[in-house]
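So you can see what is in the structure, the chains are spelled out below.
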Amino acid sequence: MSHPQVTVICPTYNRSTHLVATLASVQAQTVRDFELLVVSDGSTDDTDEVVRAAAAQDDRIRLIRIPHQGHPSTPRNTGLAEARGEVVAYLDHDDRWRPDHLDVLLRTFADGAALVATGFTRVDAAGAVTAESRSLALCWHPEIQVLGPLFEPSRVAHLRGLPERVGGWRNGVGLEDWDLWLRLTDTGLDFTTVPDRTALLLDDTGTRRYRTPRRHLLPLAVFDDPRRAHAALRELQDARHSAALRAAHRDDTRAWYSRLSTAPRFHAPRGWDGDLDAAIDAATSDDTPLWPELHLLPRQGRFVLAQALWCSTESHAARLRTLARRVQATHFALIDAILAPHGATPLVVAQRPAPAALLEPSQ
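If you're wondering where the values come from, they're calculated on a predicted model, not measured in any experiment.

(A) Region of the structure containing the overall build of the protein. Counting its secondary structure elements, the protein contains 14 helices and 15 strands. On the principal axes, the C-alpha backbone points of the protein span a range of 70 × 45 × 40 Å. Looking at the protein residue by residue over its 363 residues, the buried ones come to 51%. Considering only contacts in the protein between residues 6 or more positions apart, those separated by 24 or more positions represent 80%. Across the protein, the 41 positively charged side chains and the 46 negatively charged ones have centroids separated by 4 Å.

(B) Main features of the pairing of strand β3 (residues 61-66). Bridging between strand β2 (residues 34-41) and β3 involves six bridges; their strand directions are parallel. Its bridge partner being in β3, L37 is matched across the sheet by R62. Between the parallel elements β2 and β3, the chain passes through helix α2 (residues 47-57) in a crossover that is right-handed.

(C) Fine view of helix α11 (residues 276-284). Turning to α11, its buried residues number three or more, namely L276, A279, I280 and T284. Angularly, the buried residues of α11 cover 120° about the axis, an arc narrow enough to put them on a single face. In the core, the buried residues of α11 are packed alongside α10 (242-260). One side-chain oxygen at the N-terminal end of α11 lies 3.2 Å from the backbone nitrogen of D277; it belongs to D275.

(D) Expanded view of the sheet that holds strand β1 (residues 6-12). The seven strands lie next to each other as β3-β2-β1-β4-β9-β6-β10, forming an open sheet whose pairing is mixed. In the strand order of this sheet, the two ends are held by β3 and β10 (192-193), each with one partner. Sheet topology places strand β6 (residues 115-117) next to strand β9 (residues 156-159); three bridges connect them, and they run antiparallel. Counterpart to A117 in the pairing with β9 is V156. Lying over the sheet, helix α1 (residues 19-27) contacts β1, β2 and β3, oriented at roughly 160° with respect to β2.

(E) Looking closely at the environment of H342. Mapping H342 onto the fold places it in the loop between α13 (329-339) and β15 (345-346). Exposure remark for H342: the relative accessible area of 18% places this residue in the buried category. Taking the C-alpha atoms as reference points, H342 and G168, 174 residues apart in sequence, are found 47 Å from one another. If we ignore the near neighbours within four places in the chain, the residues touching H342 are F223, R228, A231, A232 and E235.

Basis of the calculations
- Residues numbered from 1 in each chain as written.
- Predicted model: local features only at pLDDT ≥ 70, side-chain atom pairs only at ≥ 80, totals over all residues.
- Heavy atoms only, no water.
- Helix = DSSP H or I, 4+ residues; strand = E, 2+ residues; numbered from the N terminus.
- Buried < 20%, exposed > 50% of the residue type's maximum accessible area, 1.4 Å probe, protein only.
- Contact = heavy atoms within 4.5 Å.
- Lys, Arg positive; Asp, Glu negative; His and termini not counted.
- Charge placed at Lys NZ, Arg CZ, Asp CG, Glu CD.
- Pairing = 2+ DSSP bridges.
- Right-handed = clockwise from strand over helix to strand, strands pointing away.
- Arc of directions from axis to C-beta.
- Polar contact = N/O pair within 3.5 Å; in protein donor to acceptor, adjacent residues only side chain to side chain.
- Axes fitted to C-alpha atoms, helices over the stretch in contact; angles between N-to-C directions.

Okay, here's the thing in structure tokens:
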């Protein structure tokens, strides 16, 4: 098998027998023409033996062992260097695939796609479903790629050679997938998405997803008085503002998607003919906290009220701040109005950058 259709790259570290189900989900694919590269990041348990045992029974599986790096980017880059398939797909060692995952991907590539993401089902350690992908979250445009952490690696495949054009996978504190997809987007590549929920993602607080620190900030206002700053924080989190804030967010989102939907680079999930407004209403009508990561931080003798951002680099965070203020103008105007009576100085990031000292984490 010199040139399989698909190369599957699975980085792993100390996954032991738990990896068996992940490998089995690849072996169960209806597409049989693949190679599975399991890149062990210097595992110290019996993970390598488990992979070797699987490889002894299936010559499509290959173990590649590298010195321990402590980050999945180097194993993924190692896999890319060894890949022989026309298409590269990723599978994290915590996740599994539905048997038709590769078939769905290959049919999409056959229609001319270069970069594909599927839907997902999120399951806990016992196998119970905790979440499923929605159609709105599979709508894609470069601006959506800037604002949201799309997509987990186990849902993504691409034509061979694309990541290398932008420097490959980068090490960092997390979100290396979002970082790579954004760099590919910046070269003019678009994601094609399909609604089929073919990836089963582990939802567990022990995974890297839950350990990724949010080191960058979206500042909302600056205060000189700490007492007024704390009062402003309580005011913004007061439940009596929730309905108005959600309505403003929903209206801004509708206007944004209405504009994006006529743009050449906007892509709805393949085969979806749903109503965008209805999808937005469904996505914004739940009880998800409005401010899950809102902080009041001392900076340079003042106090910054800021939302933590889930970005891997400061350059990405800067882009997100500017774009968020632009596409959520009504929402941020309402926030400014709520905070103003407490002596807030708004930070209109879209018009002028926030001072660097206000954004840097305390030492």
